[in-house]
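Residue-level structural notes
Here's the letter readout for the chains.
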Amino acid sequence: MLRTNIENPAYFHKVVDCQYACPAHTPVPEYIRLIVQRRYGDAYMINWVSNVFPGILGRTCDRPCEPACRRGRVEESNAQAPEPVAICRLKRVAADMKEDVRARMPQVAPKNGKRVACVGAGPASLTVARDLAPLGYEVTVFDGEAKAGGFIRTQIPRFRLPESVIDEETGYIFDLGVRFKSGRRVESMDQLLDEGWDAIFVGCGAPRGRDLDLPGRKEAAAHIHIGIDWLASVSFGHVSSIGKRVIVLGGGNTAMDCCRSARRLGGTDVKVIVRSGFDEMKASPWEKEDAAHEGIPILNFHVPKAFVHDEGGKLVGMTFEIVQAQYDDKGRRKLVPTGEPDAHFECDDVLVAVGQENAFPWIERDCGIAFDEWGLPKLDKTTFQSTVPNVFFGGDAAFGPKNIITAVAHGHEAAVSIDKLLSGESVEQRPPPMTNLISQKMGIHEWSYDNDIANDLRYKVPWAKAEKALASIKVEVELGFDAATAFKEAGRCLNCDVQTVFQESACIECDACVDICPMDCITFTSNGEEDELRHRLKAPALNLAQDLYVSGGLKTGRVMVKDEDVCLHCGLCAERCPTGAWDMKKFLLKMTPAGPAARTGQAQEVHA
């Protein structure tokens with residue numbers, strides 16, 4: 001194998017698994033260390049720069065960072081199932097415990113004469129507005145609703161996300177001078193183009209829920225509801241009750257919100273019924289756990305066949321075909337009937353949450369914006385630019401339904417593109433991230449960070465008592481960590497951004513680092529091809545998603561090979577090394593935002 005090029009910022013970025021997995025690349029270990037120091041405002045602002053909505057995401061994020069967390073791998077020997085650091089809930093700690101941060105928000109530059117329209121007031125549009133307004137752009141956000149937030153406000157129940165949190169974090173953006181045209185639903189792209197905007201960003205989400213065209217659908221329509229529309233009606237107070245017996249169709253997060261909301265609005269017999277197996281459901285594992293915690297059963301491998309109604313058209317139940325999964329030799333799944341009699345469940349209402357799809361009836365098909373066969377705009381996947389050069393898309397409107405943090409990431413990239421376009425630069429030339437790599441050494445065996453490894457298992461977030469939480473749609477269920485528990489949970493972080501950096505010229509090959517390493521992830525051996533080398537290390541490196549750190553040739557002709565997969569970043573190798581060949585260096589990556597740095601395309605890389 002070739003010597004690892006640690007000068008490439010992508011190498012250590014990949015080692016910081018949580019940040020690498022986050023679509024917005026939030027520097028997770030950095031803000032967790034600040035929480036340990038009780039610097040909550042600093043932790044919040046680090047989050048705010050990258051993910052824009054720390055309080056909202058601290059309650060609702062899909063948490064792609066947590067399955068990637070190294071803590072979940074190195075605990076595999078524990079009797080209990082390995083669990084990552086509660087990254088998402090620590091984000092909420094920063095939001096809940098911060099001081100007033102309004103004075104720390106960006107200063108707005110003088111107006112530059114450029115006007116940008118954002119269609120929809122969801123997370124993607126608000127991110128574009130947040131990034132462009134401080135640069136002097138006149139940004140106007142259009143939305144048909146009275147308040148900003150988009151699906152954050154209309155689809156996420158208040159028992160998960162209080163409205164005050166949405167108001168606060170959308171307010172920070174409008175305080176930057178962003179104009180909000182509430183109650184203004186854009187009806188025509190042609191009209192918007194004729195208004196002379198320098199750039200247009202479309203972040204209107206995926207507003208249409210999929211329906212099920214089954215026997216009885218039209219006859220019993222009064223008590224069959226599209227999930228996202230029903231959640232919006234609940235959010236706006238148009239719906240305040242539901243029947244006692246409720247069936248929720250679908251296995252995604254919307255279905256989980258529907259069933260839990262129905263439970264609070266009078267449903268005493270609420271069940272979720274899905275076509276797939278439980279493990280194949282698209283809902284996040286914790287969403288399924290929360291539903292189960294509230295006594296809501298999930299029945300899998302049931303394919304809906306018909307809505308059953310009486311002669312007057314009143315819904316009385318549903319029938320389902322019972323199936324099982326069969327897999328071919330290529331691992332492709334097919335659902336086949338088991339031959340059992342159809343299942344029948346009585347119900348008063350059905351909530352259909354089987355998916356969402358984009359709908360752009362307001363975009364004229366002759367305006368120049370091209371769409372693909374699925375009705376999605378044809379976009380450059382890096383720049384988010386459409387076939388009309390000054391029109392960009394992001395969030396669910398770009399590539400279909402995803403989640404809030406992905407929408408934020410789209411917004412950042414689209415803002416860079418808009419700024420470069422309106423500055424006369426190529427949008428294809430993307431700015432590299434800004435990085436640095438700084439030694440944490442404070443003495444011979446002392447570091448500027450706490451490198452003690454806590455053995456604590458993941459701490460549980462306290463919940464409101466069931467009788468209180470289930471009595472109201474507006475009572476927040478999760479109470480969040482208190483300061484003491486947050487301190488202990490944050491202590492479980494392995495500081496994966498503090499890297500073990502090896503200097504082969506100083507190594508005397510004494511193997512002291514090999515002896516002290518608690519994970520057996522360091523090996524001195526002869527070089528070889530990667531597939532073969534992985535199997536003859538001190539502990540075989542079988543996770544191909546994680547790189548091997550390979551040094552140049554040593555005096556004996558051997559090389560140092562470190563498996564990045566299970567390294568604890570504990571620094572014991574650097575403490576034990578008699579020559580200082582090992583050092584602990586903090587790697588910080590910051591995505592280059594819209595503005596001068598992105599326009600020049602020159603990142604400020606500093607390696608120390």
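Summarised in this report is the structure supplied together with it. (Residues numbered from 1 in each chain as written. Predicted model: local features only at pLDDT ≥ 70, side-chain atom pairs only at ≥ 80, totals over all residues. Heavy atoms only, no water.)

**Thoughts on the layout of surface pockets**
One way to see where empty space is left: roll a probe the size of a water molecule over the atoms. In this model, the second largest pocket occupies a volume close to 930 Å³. Together, 37 residues line the second largest pocket, and Val49, Lys590, Met591, Thr592 and Pro593 are the ones closest to its centre. Listed by contribution, the elements that provide at least two residues to the lining of the second largest pocket are helix 4 (40–51), helix 9 (123–132), helix 17 (404–422), strand 22 (582–590) and helix 23 (596–600). Classifying every residue of the lining of the second largest pocket gives 24 nonpolar, seven polar and six charged. (1 Å grid on protein atoms, 1.4 Å probe; cavity = no way out; pocket = protein on both sides within 12 Å on 5 of 7 lines; lining within 4 Å. Points joined across faces, edges and corners; volume = space filled by probe spheres on them. Helix = DSSP H or I, 4+ residues; strand = E, 2+ residues; numbered from the N terminus. Nonpolar A, V, L, I, M, F, W, Y, C, P; charged D, E, K, R; others polar.)

**Some words on the packing of helix 13 (residues 227–235) against helix 14 (residues 253–264)**
Relative to each other, helix 13 and helix 14 sit at 45°, their axes nearing to 10 Å. Of the possible angle classes, the one that applies to helix 13 and helix 14 is oblique. In this structure, helix 13 crosses over helix 14, and the sense of that crossing is left-handed. Residues Gly227, Ile228, Trp230 and Leu231 of helix 13 form the contact with helix 14, whose own contacting residues are Thr254, Asp257, Cys258, Ser261 and Ala262. (Axes fitted to C-alpha atoms, helices over the stretch in contact; angles between N-to-C directions. Parallel < 35°, antiparallel > 145°, perpendicular 65-115°, else oblique. Left-handed = near helix turned anticlockwise from the far one by under 90°. Contact = heavy atoms within 4.5 Å.)

**Brief notes about the pattern of salt bridges**
By the definition in use, this model includes 54 salt bridges. Its salt-bridge partner being Glu145, residue Arg185 comes within 3.8 Å of it at the nearest N-O pair. Highlighted residues: Arg185 in the loop between strand 3 (179–181) and helix 12 (189–194) and Glu145 in the loop between strand 2 (138–142) and helix 10 (151–154), separated in sequence by 40 residues. The class for Glu145 is partly exposed, based on a relative accessible area of 27%. Each of Asp17, Arg70, Arg73 and Asp565 takes part in a single network of salt bridges with overlapping partners. (Salt bridge = Lys/Arg side-chain N within 4 Å of Asp/Glu carboxyl O. Buried < 20%, exposed > 50% of the residue type's maximum accessible area, 1.4 Å probe, protein only.)

**Some words on the nonpolar core**
Counting 67 residues, the largest nonpolar core has Met189, Val202 and Phe393 as the members making the most contacts within it. Looking at this core element by element, the count peaks at nine residues for helix 17. If sequence neighbours within four positions are ignored, Phe393 has contacts with Phe201, Val202, Phe360, Ile363, Ile369, Pro377, Leu379, Phe384, Ser386 and Ala398. If you look at the next biggest cluster of nonpolar residues, it comprises 64 residues, including Val101, Val514, Cys521 and Leu589. (Core = buried A, V, L, I, M, F, W, Y, C linked by side-chain atoms within 4.5 Å.)

**Focus on the side chain of Asp17**
Turning to its location among the elements, Asp17 is positioned in helix 2 (residues 17–21). Here Arg73 takes part through its side chain, which lies 3.4 Å from a polar atom of the side chain of Asp17. Side-chain polar atoms of Asp17 contact the side chain of Gln546, separated by 2.6 Å. With sequence-adjacent residues up to four places away left out, Asp17 is seen in contact with Ala68, Arg70, Arg73 and Gln546. (Polar contact = N/O pair within 3.5 Å; in protein donor to acceptor, adjacent residues only side chain to side chain.)

**A short note on the packing of aromatic side chains**
Scanning all chains against the criterion turns up twelve aromatic pairs. Geometrically, the ring pair formed by Tyr11 and Phe12 is edge-to-face, given 5.1 Å between the ring centres and 65° between the ring planes. Note on Tyr44 and Tyr172: the rings are 6.5 Å apart at their centroids and 75° apart in plane angle, and the pair reads as edge-to-face. Here Tyr44 is found in helix 4, whereas its partner Tyr172 is found in helix 11 (residues 163–174), with 128 residues between them in sequence. According to the relative accessible area criterion, Tyr44 is buried, its value standing at 0%. Put simply, the rings of Tyr11, Phe12, Tyr549 and Phe587 pair up and form one aromatic cluster. Across from the ring centre of Trp48, 4.2 Å away, lies the NZ or CZ of Arg130, which sits over that ring. Just above the ring of Phe278 sits the side chain of Lys288; from NZ or CZ to the centre is 4.3 Å. (Phe/Tyr/Trp six-rings, centres within 6.5 Å; stacked < 30°, edge-to-face > 60°. Lys NZ or Arg CZ within 6 Å of the ring centre and 35° of its normal.)

**Comments concerning the packing of helix 3 (residues 28–36) against helix 19 (residues 483–490)**
Two elements in contact, helix 3 and helix 19, have axes whose closest approach is 9 Å; the angle formed by their N-to-C orientations is 135°. The angle between the axes of helix 3 and helix 19 places the two elements in the oblique class. In the packing of helix 3 onto helix 19, the handedness of the crossing is left-handed. Across the interface between the two elements, Ile32, Ile35 and Val36 from helix 3 touch Ala486, Phe487 and Ala490 from helix 19. Here the residues of the contact of helix 3 with helix 19 sort into six nonpolar, no polar and no charged.

Structural measurements only, silent on function.
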